[in-house]
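Inside the fold
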Amino acid sequence: MSDFCRDQGPRPTLYESSRPGARCLRPPACDSAGISAAALFGAYARTSPPALPQVSELEIMRHYDHLARMNFGVDTGSYPLGSCTMKYNPRINEVAARLPGFAQLHPAQPDSTVQGALRLMYELQEDLAAASGLPGVSLQPAAGAHGEYTALMVFRAALTATGNPRKKVILPDTAHGTNPASVAMAGYDVVTVPSTEGGLVDMEALRAALDKDTAAFMLTNPNTVGIFDPQILEITRAVHEVGAFAYCDGANLNAILGITRPGDLGFDALHINLHKTFSTPHGGGGPGAGPLCVSAALAPYLPGPVAARNSEGTYERMTPSASIGRVRAALGNFAVFVRAYTYIKALGAEGLKGVAEQAVLSANYLRVCLQDSFPVAYDRICMHEFVLSGARLKAETGVSTLDIAKRLLDYGFHPPTIYFPLIVNEAMMFEPTETEPLAALDALADALKTMAEEAKTDPELLKSAPHTTPVRRLDEAQAARNPNLRVVHRFCS
């Protein structure tokens, strides 16, 4: 039985536990010198109490502790979510982000009163510049997609300064889904070029698409199927030959830290997901940060202000000379910066290189362990992630990739990314990350091998999975079509 089922028997909801008069807090009577709530709040004053459950503090604490035990995250089990780097983040970084001197600052304070925060941001900018090989850095973008959009606006500003903003941006068919959305939002047309059977950019198709109307080529390298494109120098040269910019989606930076730098590969810009690569737990919409690193030629166009050190050795907010303007309040998501800064300083250059080496080793170890049970979509040494195909198993047993994902929950593992990339039939994308120990990788491999055998002997077991989670399999199509549908939870017995 999976650990998922611990302490998960049927429990009433807070509303079902509600009883008149129960309270978490009984504040003293309001003494407002005879001033009524209506006089204080006018039309916003309540005429009746809110319809909230009435429970004691102990009951509400037990309720939320129970919900937390039902949850699944990196702290409770392996989370090999391909293309998302869901890894363990050291708790010392959380402690640093909560230090009162950081947590209680206000972005409107004068620079003289926030020298420590400005110094941290300045040094983080310098560290990210060193890691990326791109000297201009703005910390403002709020996440990866926001960093992509900001880069495209920087490209547009730089091209407009030459008299022609151009019309289109080229993407490979392995691009992250946010890439075309960012391109459209920036006012460019999206042009997609195919990949080769080996998962690399089709150079012939790229050269045919490149022309004087091209503003940029956006590439994730290592790409979305976990392969580092060995043509990269040829790619960036071809892009530059038509006067366009080469953009690197930094979602997969975890694979190359300290080994190679996007700037050295010919890229003009890179966004970095601090919440993936540099230690902020992410998921469920945030928190995030997607700093943008650019070449020296593009640095004047970065969104401002940025943190700068002046001739007197103190720190201040400075706006680049041709800045596109703000893209985020203040200088960005400061708590994420503190976590990233702590992570970088704790590991140092060699430690960051070790992150990439271990992530690549873990992915290749797991790939080899599983290749006999599930065909590898691209049968070659991968980087931080790899893609398996469940097509053969489905043809033989009727068990789909979705069934595999559901059954994994019974074994205590979060499912990988499934049905992506679209160019792989019944795709399963695994990214084990550098933080998973060997025993966890072996356990995941053993579970998947066992499931491949279960599919042959008892396919219905997988088709009706999961069996040990707090909520059994839902009608996902119905839930997607009707978000207001009330779901009846069936709990473990």
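That block above? That's the structure.
For clarity, every value in this text was computed on a predicted model and none was experimentally measured.

**Overview of the sheet that holds strand 12 (residues 427-430)**
- Spatially, the three strands line up as an open sheet ordered 10-12-11, and their pairing is antiparallel. A single partner strand is all that each edge strand has here, and the edge strands are strand 10 (386-389) and strand 11 (417-418).
- Where strand 10 and strand 12 come together, four bridges link them in antiparallel fashion. Residue V387 lies in a different strand from strand 12, and its bridge partner there is M429.

**Remarks on the pairing of strand 9 (residues 315-318)**
- By the bridge criterion, four bridges tie strand 8 (residues 306-309) to strand 9 in an arrangement that is antiparallel. Residue A307 lies in a different strand from strand 9, and its bridge partner there is R317.
- A loop of five residues connects strand 8 with strand 9, the two strands running antiparallel in sequence, and G313 in this loop sits at a positive phi of about 85°.

**A few points about helix 8 (residues 178-185)**
- Burial in helix 8 covers these residues: N179, S182 and V183. One side of helix 8 carries all its buried residues, which in axial view fall inside an arc of 100°.
- Contacts from the buried residues of helix 8 go to helix 7 (144-161), strand 2 (168-172), strand 3 (189-193), strand 4 (214-219) and strand 5 (245-250).
- Positive backbone phi, approximately 90°, marks G187, located one or two places after helix 8.

**Things to note about the pattern of salt bridges**
- Throughout the structure, instances matching the rule amount to 20 salt bridges.
- Notably, a salt bridge pairs D65 with R69, separated by 2.8 Å at the nearest N-O pair. Of the two residues, D65 and R69 both sit in helix 3 (residues 57-70), four residues apart, roughly one turn of that helix.
- Judged by its relative accessible area of 37%, D65 falls in the partly exposed class.

**Overview of helix 10 (residues 232-241)**
- Turning to helix 10, its buried residues number three or more, namely I232, I235, T236, A238 and V239. Buried positions in helix 10, seen along its axis, are confined to an arc of 160° and lie on one side of it.
- Those residues of helix 10 that are buried lie in contact with helix 9 (203-209), strand 4 and strand 5.
- Residue G243 follows helix 10 closely and has a positive phi angle near 80°.

**Section: the side chain of H414**
- Summarising the element assignment, H414 is placed in the loop between helix 14 (401-410) and strand 11.
- Reaching out from H414, the side chain makes a polar contact with the side chain of Y79 at a distance of 3.3 Å.
- The residues touching H414, leaving out its near neighbours within four places in the chain, are F72, S78, Y79, P80, L81 and L409.

**Some words on the nonpolar core**
- Residues M121, L124, L128, F217, L274, F278 and F337 are the most contacted members of the largest nonpolar core, which totals 59 residues.
- Of all elements in the fold, only helix 4 (91-97), helix 6 (115-132), helix 9, strand 4, helix 10, strand 5, strand 6 (269-272) and helix 12 (334-370) reach the threshold of two or more residues within this core.
- Per-element tally for this core: the top contributor is helix 12, with 12 residues.
- Residues from two domains meet in this core; each of domain 1 (92-346) and domain 2 (356-478) gives at least three.
- Setting aside residues up to four positions removed in sequence, L128 forms contacts with V137, L139, I272, L274, F278, P291, C293 and I344.
- If you look at the next biggest cluster of nonpolar residues, it comprises 24 residues, including V376, L388, V399 and L448.

Rules used in this analysis
Residues numbered from 1 in each chain as written. Predicted model: local features only at pLDDT ≥ 70, side-chain atom pairs only at ≥ 80, totals over all residues. Heavy atoms only, no water. Pairing = 2+ DSSP bridges. Helix = DSSP H or I, 4+ residues; strand = E, 2+ residues; numbered from the N terminus. Buried < 20%, exposed > 50% of the residue type's maximum accessible area, 1.4 Å probe, protein only. Arc of directions from axis to C-beta. Contact = heavy atoms within 4.5 Å. Salt bridge = Lys/Arg side-chain N within 4 Å of Asp/Glu carboxyl O. Polar contact = N/O pair within 3.5 Å; in protein donor to acceptor, adjacent residues only side chain to side chain. Core = buried A, V, L, I, M, F, W, Y, C linked by side-chain atoms within 4.5 Å. Domains from an automatic or database assignment.

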